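Overview (structure and organization)
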Amino acid sequence: MTNMTGSSRRIALLGIPIDMGASQRGTLMGPAALRTAGIKPVLENLGIDVLDHGDISIAQVVPATDPIPAKANNYRDIQAWIRALSPRAYDLTTSGAIPIFLGGDHSLSMGSINGVARYWHERERELFVLWLDAHADYNTPLTTMTANMHGMSAAFACGEPGLDGLLGDEPRASISPAHLDLFGIHSIDPLEKKLVQDRRIAVADMRAIDEFGVSVLIHRVLERVRARNGVLHVSFDLDVLDPGIAPGVGTTVPGGATYREAHLVMELLYDSGLVRSVDIVELNPFLDERGRTARVAVELIASLFGQQITDRPTPSNALEPDRI
């Protein structure tokens, strides 16, 4: 598969209407809102072949019988979604398309990243994850203050203990904490903060963004990925944005990224040619203002896949073919 600038690009959309991982219900309507905001035609207008696989179903998932961890709300329901999603994520990545997982709350990343990581690990490529989020989501059942599982998704992706039976028979394909970048963070729990520090996870919080700017910090991420011949998964939680531009999320935190900062992040990711999978999570249309947050999300995804105000040369390193 060529880089993101190639004319043969393919994208696979998959909806995951899950909202049990958060305290505020309503993100189950997120995939429909993103479709209504035009995510498919917007991407198609960029010359991309887009196939919408609809929403994933858990109807055929056999209930698990592993012990339910303490302090993991709605564990059994979320487990069914994750067990259904991980193999679908693997299959979509195997197809050669770039999967975009339409959420749904951030607990879905436990399945999407696991399936994508399994694919790349089998091909001896390292998967890196850029976690665009107001929150670190690096809690475990032992550290969480709320027991909400959307706050445990990054920790699970990095192999932290506490949810060891979540995938059932599906292989667990964790990434190294050294391959996780928390970007745009401006809210973190005390025990979660200690765990992030103990694992020496890279954090670009809003103070760092204010001080150095998104360009410098994103280039640092991309340089690490490129140095390891890695690939990048972008897990995009809409609450990383300032509530003034993206009110339709359940966990708004003042002081988030601006509209222009967010677009620059996406444009730099596009230029890199490294992104191979994406989550869009925590859109809650019930809390939105006339579809405003959904439209912003679609605009940002368009920037991630090449929409520009003016045509300008793409860096030569983004024109090299992907080596598998």
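Residues numbered from 1 in each chain as written. Predicted model: local features only at pLDDT ≥ 70, side-chain atom pairs only at ≥ 80, totals over all residues. Heavy atoms only, no water.

Turning to helix H6 (residues 190-198), its buried residues number three or more, namely Glu192, Leu195 and Val196. Projected onto a plane normal to the axis of H6, the buried residues spread over an arc of 100° and lie on a single side. Looking at H6, the residues exposed on the side facing more than 90 degrees away from the buried face are Pro190 and Gln197. Arg200 sits one or two residues past H6 and shows a positive phi near 55°. (Buried < 20%, exposed > 50% of the residue type's maximum accessible area, 1.4 Å probe, protein only. Helix = DSSP H or I, 4+ residues; strand = E, 2+ residues; numbered from the N terminus. Arc of directions from axis to C-beta.)

A few words on the packing of aromatic side chains. Under the criterion given, the structure shown has 2 aromatic pairs. When the ring of Tyr90 is compared with that of Tyr119, the centres are 6.4 Å apart and the planes differ by 65°; the resulting orientation is edge-to-face. Remark: Tyr119 occurs in helix H4 (residues 109-122) and Tyr90 occurs in helix H3 (residues 75-94); sequence separation between them is 29 residues. With relative accessibility at 14%, the residue Tyr90 sits in the buried group. For Tyr119, a relative accessible area of 7% puts it in the buried group. With centroids separated by 4.9 Å and ring planes inclined at 85°, the aromatic side chains of Tyr119 and Trp120 adopt a geometry described as edge-to-face. Trp120 shares its class with Tyr119; the two are buried. By way of ring pairs, the aromatic residues Tyr90, Tyr119 and Trp120 are connected into one cluster. A cation over a ring is seen here: Arg172 above Phe156, with NZ or CZ 4.1 Å from the ring centre. (Phe/Tyr/Trp six-rings, centres within 6.5 Å; stacked < 30°, edge-to-face > 60°. Lys NZ or Arg CZ within 6 Å of the ring centre and 35° of its normal.)

The next thing to look at is the sheet that holds strand S1 (residues 10-16). Read across the sheet, 8 strands follow the order S2-S1-S3-S8-S7-S4-S5-S6 without closing on themselves; strand pairing throughout is parallel. The sheet is open, and its two edges are formed by strand S2 (49-55) and strand S6 (202-205), each paired on a single side. Averaged over neighbouring strand pairs, the angle between their axes works out to 15° when direction is ignored. As judged from the 5 bridges shared by S1 and S2, these two strands associate in the parallel manner. What sits directly across from Arg10, in S2, is Asp49. Strand contacts of H3: S1, S2 and strand S3 (98-103), with the helix running at about 175° to S1, the strand carrying the most contacts. Lying on the sheet, helix H10 (residues 292-304) is in contact with S3, strand S7 (231-237) and strand S8 (275-281); it crosses S8 at an angle near 175°. (Pairing = 2+ DSSP bridges. Axes fitted to C-alpha atoms, helices over the stretch in contact; angles between N-to-C directions. Contact = heavy atoms within 4.5 Å.)

In this model H3 runs 28 Å from its N-terminal to its C-terminal C-alpha over 20 residues, within 8% of the 28 Å that 1.5 Å per residue would give. Positioned one or two residues after H3, Gly96 has a phi angle of 95°, which is positive. (Expected span 1.5 Å × (residues − 1).)

On to unusual backbone geometry, then. Cis geometry marks the peptide bond from Gly103 to Gly104, where omega comes out at 15°. Look at Lys71: it is not a glycine, yet its phi comes out positive at around 60°. Within the element layout of this structure, Lys71 appears in the loop between S2 and H3. By relative accessible area, which is 44% here, Lys71 ends up partly exposed.

Next up on the list: the nonpolar core. Of all hydrophobic cores here, the largest spans 53 residues; its most connected members are Phe236, Leu241 and Leu269. Per element, the largest residue contribution to this core is 7 residues, and it comes from H10. Judged by nonpolar contacts, the second largest core, of 50 residues, contains Ala12, Ala84, Ile113 and Trp131. (Core = buried A, V, L, I, M, F, W, Y, C linked by side-chain atoms within 4.5 Å.)

Time to look at the pairing of S7. Most of S7 sits out of view: 7 of its 7 residues are buried. On S7, burial covers both faces: Val231, His233, Ser235 and Asp237 on one face and Leu232, Val234 and Phe236 on the other are all buried. In terms of strand pairing, strand S4 (residues 127-132) meets S7 through 6 bridges, oriented parallel. Bridge pairing in S7 links Leu132 to Phe236. Relative to S8, S7 is paired through 6 bridges, and the arrangement is parallel. Bridge pairing in S8 links Leu232 to Val275. Taking the sense of rotation as the criterion, the β-α-β connection linking S7, helix H9 (residues 259-272) and S8 turns out right-handed. (Right-handed = clockwise from strand over helix to strand, strands pointing away.)

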